[in-house]
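Spelled out, the chains give:
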Amino acid sequence: MVAASCIHCGLPVAGADERFCCSGCATAYRLLHDGGLAEFYRLRDATATGPGRQAGEDPAADAFDGSAFRAAWARPLGGGDELIAWYLEGLHCPACVWLVEQLPRLLPGVRWARLDLGTAQLRVAYDPAHAGPGAQARLLARLGYRARPFRADAVLAALTAEHRALLMRVAVAAASAVGAMHLTATLTAGEITGDLDPGWQSGFAWGAILVALPGCLWAASSLHRGALVALRARRWSVDLAASLAILLALAGSAALAASGSLASYADAAAMFAALLLTARLAVVQARRRVARAAGGLTHLLPLTARRLQDGIATEVAIQALTAGEVVEVGEGAIVPGDGTVVSGTAAIDIAVLTGEPRPIAVTAGSTVAAGAICRHGNVSIRLSAVGADTRLAGILAAALPTGHGTAAEWQSDTTLRWFAPLTLGLAAAAALAWGWHDGWTRGAEIALAVIVAACPCAIGLAAPLTQALAAAAAARRGLLIRDPAVLARISSVRHVVCDKTGTLTRGRMQVVEAQLPSELRGAVLGVAERSGHPAAQAVSAHLRAAGAVAVPPTTWRELSGQGVLAGHDGHDLRLGGQRLTGIEPGDQGRSRVGVLADGAPVGWFDLDDQLRPEARDLVATWRRAGARIHIASGDHQAAVRQKAGELGIEPADAYGGLSPEDKAALVGRLRAEGGVAAVGDGVNDAAMLAAADVAVGVSGGLEAALDRCHAFCARPDEAGPRELWLGAARTRQAIARMLWISAVYNLLAIAGAAAGLFGPLVCAIAMPLSSLTVVAMALRCDPFPTAQPTSS
């Protein structure tokens, strides 16, 4: 006897008459039905093919179960959840995006799923106790997508294999089309001259169909599989439109051949399949280009390294290094891989990874990571990981572009929803109109031409492909765009809130005037040097230059955006701004760091921080984009307003003395007036960045940027935000141009087909060409050129 199952979760129930395994499932079932979400069960059942290993499942999915796989590929999130990145094979259009992002509805325990069509990367947040990687891979296989862990080198290999396989299908489809066209041309010539034997007429007609079958069925099998998935989900897709056109053309040709007609559409069907697959081949090639660049930010690693063998150093390409080898890293060199110092001492800069502004001292036994820079000294390092296995590679893999659909992409996806009934209605109307006057054979021909002409491939490709290529181009320029949708959202930004120190200024403060008793210099130095804040570092540098020797504090605590509280020999020391010390700044608009001892003012340091050379160009770019610029800083009001005046920013838009919470609140208030972009440090400005519609990190380290920024500038200069705005504008213009061209192309083709000007063969050739045109335009578009124009 087969055990009864819960109609919500599928687990066994206590008795044969029971419908639910627990009260929770019963409540969830009622909530789904009462909320109008009963479609959940239809979608779930459409993808479930029964117990055991079924057709459409992935045999490798079982290997994804278990803690070892999760430890290697998943990243922990808060609350016990995890995040994993998959590479999906079989993606074609925004309808695929919609279907895959239904994972939270199809698999309980999945928190959210976000798919980037350009890179084929699916990021899934999930509860490992209920929706592990194996369960995700099995469900995706039933939906028609093969999932593999996402890593740049593996993705490139998979794309290369996909490119090869697709190339073979294109060749078969093209051969079928040419053969069918040859036979159809013979039929047409015979009809014109009237000298073709009737017996041969039937042979040529059926021969054209047989020759077209390999291209229409085997070569186009991916289209037919995608159409089945769309039908199960009751969803119109490009695959469904293409499959319908091909099968109708074959069926119509067979009906005509059986009736003795000389007309045939088999050649048009095969040509349509060949050209559509050629367009997809171009898309795969474009994605290979994205994958090559997306693993990118190659400037973070050296091209070569000095490998030590038998005491002799040899310069080799870093690709030749293997784990276990020893490399020599001298002053100014970049560490080529993760490893352990075996000899020597050095000061290593790890800012690119963690945002730590000060170099750290390393000696024998210290661990170092790829991408760190040796500022002083010389060390020998035994490598433990190289290439894709390094910590830096893991960070970059997690930081590859991910999105939740851009405005343009979702607009095109929405268009597809009403496109289907409108197209089918128009095709039916054209068939009736032409059939009534010129016969039903002519009506069927016109209807087929309309369906082929209406295939919306190019509309679906324009936004995701262009944005993925733009993100890849940005990576080559040192701009890490985690969410390509940010390129669209920038257009709606009406306010830009930026930090002052390190964003508009150089972030290298210098003490220009100071007052402090000599007996306190050592204690203040001991307090200041433990802080990574630029102001504290400036105080430390000034005191060291004056000959002070640091005296470590007994207690030490830093208040974000305010300063440091410390204990020293039973005395309380405070080092910080006016909010912490109460010491007011001077009259010259400089930043002042005050010093309190046991609550009494004992000294101060006046600091200045010069504007970056590119700061004026950056502000001018924001203004040309129609944004109002605000400076939000923890520095005192006079210093902030002085820098605002130098940049031409209104004094009312210069906010000083703000805590991190105050900055976030400012962003929240401005969002009521329109989109807000925040530009600042990925660590210290985390709250402000999290509250913004567009978050751009300009310092603070890659790891911090992963969770807090939509885009991150990983370059030593700070021209990145300006390039991001300019590149976003170019990307939007390119997408708008492609969508207009595609829409006009489709409308003209549909009108011409309905009017009888274009037959199925002409439409079969013309429509895939529009996709090829979009791909070519996307590949030619370079929104982030090497040479960036400057403002006048």
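Our structure's up above, just so we're on the same page.
Residues numbered from 1 in each chain as written. Predicted model: local features only at pLDDT ≥ 70, side-chain atom pairs only at ≥ 80, totals over all residues. Heavy atoms only, no water.

### Concerning the overall build of the chain
Check the secondary structure of the chain and you find 27 helices and 25 strands. In the chain, which comprises 792 residues, the proportion classed as buried is 54%. Relative to all contacts within the chain whose residues are 6 or more apart in sequence, the contacts with residues 24 or more apart total 68%. Put simply, the chain shows about 33,100 Å² of open surface, and 58% of that area lies on carbon and sulfur atoms. (Helix = DSSP H or I, 4+ residues; strand = E, 2+ residues; numbered from the N terminus. Buried < 20%, exposed > 50% of the residue type's maximum accessible area, 1.4 Å probe, protein only. Contact = heavy atoms within 4.5 Å. Areas by Shrake-Rupley, 256 points an atom, 1.4 Å probe, with all protein chains shown as cover.)

### Details of the sheet that holds strand S18 (residues 571–576)
Spatial strand order, S15-S20-S19-S18-S17-S16: six strands in an open sheet with antiparallel pairing. Pairing within the sheet leaves two strands with one partner each, and these edge strands are strand S15 (510–515) and strand S16 (555–559). Within the sheet, the average angular offset between the axes of one strand and its neighbour, ignoring direction, is 15 degrees. In terms of strand pairing, strand S17 (residues 563–568) meets S18 through six bridges, oriented antiparallel. Paired with Val564 across the bridge in S18 is Leu575. The sheet strands contacting helix H18 (residues 521–528) are S16, S17, S18, strand S19 (591–597) and strand S20 (600–608), and the helix crosses S18 at an angle near 60 degrees. (Pairing = 2+ DSSP bridges. Axes fitted to C-alpha atoms, helices over the stretch in contact; angles between N-to-C directions.)

### A few points about helix H22 (residues 637–647)
Ala639, Val640, Lys643, Ala644 and Leu647 are the residues of H22 that are buried. Seen from one end, H22 has its buried residues packed into an arc of 135 degrees, which puts them on one side. Next to the buried residues of H22 lie S19, S20, helix H21 (615–624), strand S21 (628–632) and strand S22 (654–655). Positive backbone phi, approximately 75 degrees, marks Gly648, located one or two places after H22. (Arc of directions from axis to C-beta.)

### A few points about the pattern of salt bridges
Enumeration over the complete set of coordinates arrives at 14 salt bridges. With its nearest N and O atoms 3.7 Å apart, the salt bridge here joins Glu315 to Arg306. On the basis of relative accessible area, Glu315 is assigned to the partly exposed category, the value being 47%. Given a relative accessible area of 35%, Arg306 falls into the partly exposed group. Through salt bridges with shared partners, a single network forms among Asp81, Arg111 and Asp127. (Salt bridge = Lys/Arg side-chain N within 4 Å of Asp/Glu carboxyl O.)

### As for the packing of aromatic side chains
Enumeration over the complete set of coordinates arrives at two aromatic pairs. With a centroid separation of 5.3 Å and 50 degrees between ring planes, the pair formed by Phe64 and Trp86 is classed as tilted. One end of the pair, Phe64, is in the loop between helix H2 (39–47) and helix H3 (67–73); the other, Trp86, is in strand S2 (residues 82–89), with 22 residues separating them in the sequence. The class of Phe64 is buried, set by a relative accessible area of 7%. Its relative accessible area of 0% is what places Trp86 among the buried residues. For the ring pair Trp622 and Trp725, a centre distance of 5.8 Å and an interplane angle of 70 degrees mean the geometry is edge-to-face. You can see Trp622 sitting in helix H21 and its partner Trp725 sitting in helix H26 (residues 720–754), a full 103 residues away along the chain. A relative accessible area of 4% means that Trp725 is categorised as buried. (Phe/Tyr/Trp six-rings, centres within 6.5 Å; stacked < 30°, edge-to-face > 60°.)

### Quick look at the packing of helix H15 (residues 440–453) against H26
When two helices pack together, their arrangement is given by the angle between their axes and by how far apart the axes lie. Axis separation between H15 and H26 bottoms out at 8 Å; the angle between their running directions is 175 degrees. Of the possible angle classes, the one that applies to H15 and H26 is roughly antiparallel. Listed contacts from H26 to Ile446, Ala449, Val450 and Ala453 of H15 are Asn746, Ala749, Ile750, Ala753 and Ala754. (Parallel < 35°, antiparallel > 145°, perpendicular 65-115°, else oblique.)

### Notes on helix H9 (residues 221–232)
The terminal C-alpha atoms of H9, which comprises twelve residues, lie 17 Å apart, in line with the 16 Å expected from a rise of 1.5 Å per residue. Among the residues making up H9, those that are buried are Ser221, Ser222, Leu223, His224, Gly226, Ala227, Val229 and Ala230. (Expected span 1.5 Å × (residues − 1).)

### Comments concerning the nonpolar core
Proteins that are soluble and globular tend to have nonpolar side chains buried together. Judged by nonpolar contacts, the single largest core of 45 residues is most densely connected at Cys216, Ile246, Phe272, Val450 and Ala453. By size, the runner-up hydrophobic cluster in this structure holds 42 residues, among which are Val97, Leu99, Ala131 and Leu140. (Core = buried A, V, L, I, M, F, W, Y, C linked by side-chain atoms within 4.5 Å.)

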